[in-house]
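# Structure assessment
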Amino acid sequence: MAGVAVSTTINGDHVEYLCQPDETLLEVLRDRLGLTGAKEGCGTGDCGACSVIVDDRLVCSCLVLGAEAEGRQIETIEGMAHGDQLHPLQQKFLEHAALQCGICTPGFLIAAKDLLAKNPDPTEEEIRFGLAGNLCRCTGYDKIVRAVQDAANVMKGA
Amino acid sequence: MNFDPRYSGRSFTSVGTRPIRPDGVDKVTGRARYGADFNMAGQLVGRILRSPHAHAIIRKIDTSKAEKLAGVKAVITAKDLPDLTDGDAAMYDILDNSMARTKALYDGHAVAAVAAIDARTARQALKLIEVDYEVLPHVTDVDEAMKHSAPLINDAIFTEGLEEKPVKPSNVTKRTQYGHGDVHQGFGEADFVVERSFKTEQTHQGYIEPHACVASVNPDGTADLWVCTQGHFVYRQHCAQLLGLEASKLRVTSSEIGGGFGGKTHVWAEPVALALSRKAGRPVKLVMTRDEVFRASGPTSATSIDVKIGAKKDGTITAAEATLRYSCGPYAGMWAEIGAMTAFACYKLENVKTVGYEVLVNRPKTAAYRAPSAPMAAFAVESAVDELAKEIGIDPVDFRIKNAAQEGTRASYGPVYGPIGIGPTLEAVKNHPHMKAPLGTNQGRGMACGFWFNFGGQTCTDLNIGMDGSVSLAVGTVDVGGSRASLSLVAAEELGIDYAHVKAIVADTSSLGYNDMTDGSRGTFSSSMATISAARNAIKILRERAAQMWDISVDDVAWEKGHAVAKGEKHGNLGKLSLKEIAAESGKTGGPIAGHSELVADGAGVSFATHICDIEVDPETGSTRVLRYTVVQDAGKAVHPTYVEGQYQGGAAQGIGWALNEEYIYGKDGRLQNPGFLDYRIPVCSDLPMIDTQILEIPNPNHPYGVRGVGETSIVPPLAAIANAVSNAVGVRMSHIPMSPPRILAALEAERERFSR
Ligand code: FES
Ligand code: FES
């Protein structure tokens, strides 16, 4: 199969790559671009470990084709901190121990960032439903919800 | 080694605080490298072909077309993994499970594998492999498999543990029995007897990270394996044996691990990856898909359990008996035996008997799942205990307190308990505000107890002090949920320095002596013991160096709060030397300063928990909602309380999923029908409430700080606690896990029919 030439923006940087027409964005990020922060937990859109933001929309990158990234703005976990300044969500995840194994963490952080961008002052229930597309098997979600609540408070104050 | 592991009742500076974990930043920035996040030069992609049949003889495998496909570098079958197990039956099973030798024993059993230049080519190549199967009758249900008419999975199996050696082969590999006293007599003394049967379905550990590894076998006979595992030393032993390598020439590096819960305690596809690499002469990355994870790794046993308990009017249990049948997949296991050991471990019983049967079925090889086998046994026993309390007319918490095991009680599985936490967790539950909170209509409250042994095991640790006074701690137990933070706290505590100056890492198999894997809740228990011992060895050297710097006898130097202190009046003017000052001079006083420790961590204190939960049931649909959940558990000493809470919450959440929703569903064709997270639904954020925790600290006498393992016990009580809550909400005893909406509706329906008759 002939490759598709794609020109896109990832974490603010202009990026070009060739990919197969049936290759997912997740495969492109991980295997072609070395951005292994997004994880493959299922490959079928059920776990959210591969979450990225494409043009302000939260998506499972395992369900998006690499070719579809053409001309878009993509945000991944690698672009969440500013230099050595962690995003408040990252900081609060650390402080609350909202991760045990951490494999779900990049997906949760991206999903939580998207949630707070759309709803800066969510209730516990809104957080729980907002993050229901992301699976975590280790934490029971308690500390994740608390970290997001705390980050929302910090971000509101900022 | 003259290390004294006994509890000393000291006060703590670092232990018990809640600092940020050392591996945290990497994990929130996406930099942490898990099994699939590693690559090597010239690496190929490996893929495995799996049997679509539950039970079939493999007549012939033709790989010639696949071999000819451009981009394919190696194709292997069982022939490429010759049997080097030398009569070791357990290893033979592991070998046969990684690649079927003569028969496919379950839907998903590996039969061949390829390595190709990319994933697409590898997938195409799998389609070109022709396997000629002779399909055999199969059995997937544990009770069906025990019947004489069931298809035989392995005709060389004759049930062990029977009084007379059986003449016919069977799917029951072993019978085991535990207990003491005379149950017959005990039931004779009872005023009330409850006898019930229970079933639980098979569940998967459900780690979010699929099994993944990169294997590289070099022409000189050395090899490297990068892999997500709970025990890289164990993986090295397994792989070296199966591949015919010398253990020291195979270096295994444990990646960050994206969950294991017991499912990453023995090898699955790793020997296949190594065999592919050996044949192709290039590194091979092999990552399972989620479908493969469900069909061919993990799961826990499905069970069928009968329980009988008798008690006097005053609430004293006089006898308890259980028969437990656990599925093992197609290979022998000891799952029912563990169930039989744990079933009545919470209680002080004069007369107790448990019998376990290990049952072969055409399902994936059963693997450990967090306190393996205990949750199902607890479900059956704790449900029956609730029923019995109801019949006697006594409060279920008081009933349990009256019969709880104590220090000095002989456990139903043999040993006599030291100081234990079952009584205190029950008292804490009795007094917990959760127990007194009001309930609405269709709501029910349940509580239940759970027990887990905890393990210790072989452990080896290095503690190196840098010339700047900072400390690196190399441990060999894989960090599954924050143990690097806990172990750094322990090193800081023992040395008397700040946590910020300690950095813990997990060393690879070539850098440290053998360590058992992280299972049995042993990670923090055993590695903290080894860390304390290593730190004490380092302190001995630090004292010697200080003595040298002061030119006094080492006997006059003590170690206090991170400093060498000169003792005795004649040294009154010498003051103190900090660890940092001593380290700075180390080049002149004898070279690097380090402490090493190797030990077998004995005496992992047993662990108990009691859980409370409130459930609301919709009687129209049978759907359930967890309204409130509380975990009370003994930690011995919580080294990093936040991560202890995390273990309590995570185990409870897994138990909730198991109790209400999760199950392997097999079709009549013996194929797994729900091998994905859409149809095998684990709890999501919106399914759960906050999970409250209460940590009790009843010191373990066999650990210097009193630590007990905390990782597993939290999954033991939920099945029973939730079943008791649902039963209280709907007024019908629930006896089949998971209590999915159709099962709850069926139970309600059956009850209505019983009344209308
Ligand atoms: S990997 Fe994309 S949702 Fe699971
Ligand atoms: S922290 Fe392990 S899956 Fe979420």
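Residues numbered from 1 in each chain as written. Chains lettered and ligands numbered in written order. Predicted model: local features only at pLDDT ≥ 70, side-chain atom pairs only at ≥ 80, totals over all residues. Heavy atoms only, no water.

### Focus on the overall build of chain B
Secondary structure assignment for chain B yields 21 helices and 27 strands. Here the C-alpha radius of gyration of chain B, 28 Å, is about what a compact globule of 757 residues would show, namely 27 Å. Structurally, chain B occupies a C-alpha span of about 95 × 75 × 50 Å along its principal axes. Evaluated residue by residue, chain B yields a buried proportion of 63% over its 757 residues. A total accessible area of about 27,000 Å² is found for chain B, and carbon and sulfur atoms account for 50% of it. When the 78 basic and 87 acidic side-chain charges of chain B are each reduced to a single mean position, those positions are 3 Å apart. (Helix = DSSP H or I, 4+ residues; strand = E, 2+ residues; numbered from the N terminus. Rg over C-alpha atoms; globule rule 2.2 N^0.38 Å. Buried < 20%, exposed > 50% of the residue type's maximum accessible area, 1.4 Å probe, protein only. Areas by Shrake-Rupley, 256 points an atom, 1.4 Å probe, with all protein chains shown as cover. Lys, Arg positive; Asp, Glu negative; His and termini not counted. Charge placed at Lys NZ, Arg CZ, Asp CG, Glu CD.)

### Digging into helix H10 (residues 335-342) of chain B
Counted residue by residue, H10 of chain B has eight buried out of eight residues, so it is predominantly covered. Buried residues in H10 of chain B make contact with strand S7 (172-180), strand S14 (317-327), strand S15 (352-359), helix H11 (374-392) and strand S16 (443-452) of chain B. (Contact = heavy atoms within 4.5 Å.)

### Notes on the pairing of strand S20 (residues 557-560) of chain B
Across four bridges, S20 of chain B lies against strand S21 (residues 563-566) of chain B in antiparallel orientation. Along S21 of chain B, the bridge assignment pairs Trp 559 of chain B with Ala 564 of chain B. (Pairing = 2+ DSSP bridges.)

### Topic: the domain arrangement of chain A
Residue and element names in this part refer to chain A. For chain A, the domain assignment lists domain 1 (4-78) and domain 2 (88-157). Between the C-alpha centres of domain 1 and domain 2 the distance comes to 22 Å. Each side of the interface is counted separately: domain 1 has 15 residues, and domain 2 has 13 residues. Taken together, the two surfaces of domain 1 and domain 2 that pack against each other cover about 1,100 Å², and 62% of this comes from carbon and sulfur. Counting every contact that joins domain 1 to domain 2 gives one salt bridge. The closest approach of N and O atoms between Glu 75 and Lys 113, which form a salt bridge, is 2.4 Å. On the surface where domain 1 and domain 2 come into contact, there are four residue pairs in polar contact (both at pLDDT 80 or more). Take the side of domain 1 that touches domain 2: its biggest share by element is three residues, from strand S3 (residues 51-54). Its residues assigned to classes, the side of domain 1 that touches domain 2 comprises six nonpolar, four polar and five charged. (Domains from an automatic or database assignment. Buried area = accessible area lost by both parts, 1.4 Å probe. Salt bridge = Lys/Arg side-chain N within 4 Å of Asp/Glu carboxyl O. Polar contact = N/O pair within 3.5 Å; in protein donor to acceptor, adjacent residues only side chain to side chain. Nonpolar A, V, L, I, M, F, W, Y, C, P; charged D, E, K, R; others polar.)

### A short note on the packing of aromatic side chains
Aromatic rings in a pair are described by how distant their centres are and how their planes are angled relative to each other. All names here are of chain B. On inspection of all chains with the given rule, the structure shows 19 aromatic pairs over all chains. Judged by centre distance (4.9 Å) and plane angle (45°), the rings of Phe 294 and Tyr 680 are tilted. Highlighted residues: Phe 294 in helix H9 (residues 290-296) and Tyr 680 in the loop between helix H19 (641-660) and strand S26 (691-696), separated in sequence by 386 residues. Accessibility classification places Phe 294 together with Tyr 680 in one group, the buried group. On the basis of an interplanar angle of 85° and a centroid distance of 5.1 Å, the ring pair of Tyr 413 and Phe 453 is categorised as edge-to-face. Of this pair, Tyr 413 sits in the loop between helix H12 (396-403) and helix H13 (422-430) while Phe 453 sits in the loop between S16 and strand S17 (457-465), and the two are 40 residues apart along the sequence. For the pair shown, Tyr 413 and Phe 453 are each scored as buried. Among the aromatic residues, those joined into a ring-pair cluster are Tyr 413, Tyr 417, Phe 451, Trp 452, Phe 453, Phe 455 and Phe 608. Lys 308 extends its terminal NZ or CZ atom over the ring of Phe 187, reaching a point 4.3 Å from the ring centre. (Phe/Tyr/Trp six-rings, centres within 6.5 Å; stacked < 30°, edge-to-face > 60°. Lys NZ or Arg CZ within 6 Å of the ring centre and 35° of its normal.)

### Observations regarding the sheet that holds S14 of chain B
All names here are of chain B. With mixed pairing, six strands are arranged side by side in an open sheet as S7-S15-S14-S13-S8-S27. Every other strand in the sheet has two partners, leaving S7 and strand S27 (736-737) as the edge strands with one partner each. With eight bridges connecting them, S7 and S15 associate as antiparallel partners. Following the sheet pairing, Arg 175 is matched in S15 by Tyr 357. With respect to the sheet, H11 is in contact with strand S8 (192-200), strand S13 (303-311), S14 and S27, its orientation differing from that of S8 by roughly 150°. (Axes fitted to C-alpha atoms, helices over the stretch in contact; angles between N-to-C directions.)

### Comments concerning the packing of helix H3 (residues 105-118) of chain A against helix H5 (residues 142-157) of chain A
Residue and element names in this part refer to chain A. For the pair H3 and H5, the least separation of the axes is 11 Å and the interaxial angle reads 45°. Looking at the two axes, H3 sits oblique to H5. In this structure, the crossing between H3 and H5 has a hand that is right-handed. Across the interface between the two elements, Phe 108, Ala 112 and Leu 116 from H3 touch Ile 144, Val 148, Ala 152 and Met 155 from H5. Counted by class, the contact of H3 with H5 contains seven nonpolar, no polar and no charged residues. (Parallel < 35°, antiparallel > 145°, perpendicular 65-115°, else oblique. Left-handed = near helix turned anticlockwise from the far one by under 90°.)

### A few points about the packing of helix H15 (residues 483-495) of chain B against helix H16 (residues 523-550) of chain B
Two measures define how a pair of helices packs: the angle their axes make with one another and the distance between the axes. Residues and elements named next belong to chain B. At a minimum axis separation of 9 Å, H15 and H16 run at an interaxial angle of 30°. Classed by the angle they form, the pair H15 and H16 counts as roughly parallel. The way H15 lies across H16 gives a crossing that is right-handed. Between H15 and H16, the contacting residues are Ser 483, Ser 486, Leu 487, Val 490, Ala 491, Glu 494 and Leu 495 on the first element and Thr 524, Ser 527, Ser 528, Thr 531, Ile 532, Ala 535, Arg 536, Ile 539 and Leu 542 on the second.

### Some remarks on the sheet that holds strand S3 (residues 72-76) of chain B
All names here are of chain B. Read from one edge of the open sheet, seven strands run S3-S5-S1-S12-S9-S10-S11, paired in mixed fashion. Edge strands, defined here as strands with exactly one partner in the open sheet, are S3 and strand S11 (250-254). Here the average twist between neighbouring strands, direction ignored, is 20°. Here helix H8 (residues 270-280) sits on the sheet in contact with strand S1 (44-50), S3, strand S5 (110-116), strand S9 (212-217), strand S10 (223-227), S11 and strand S12 (284-287), set at roughly 35° to S9.

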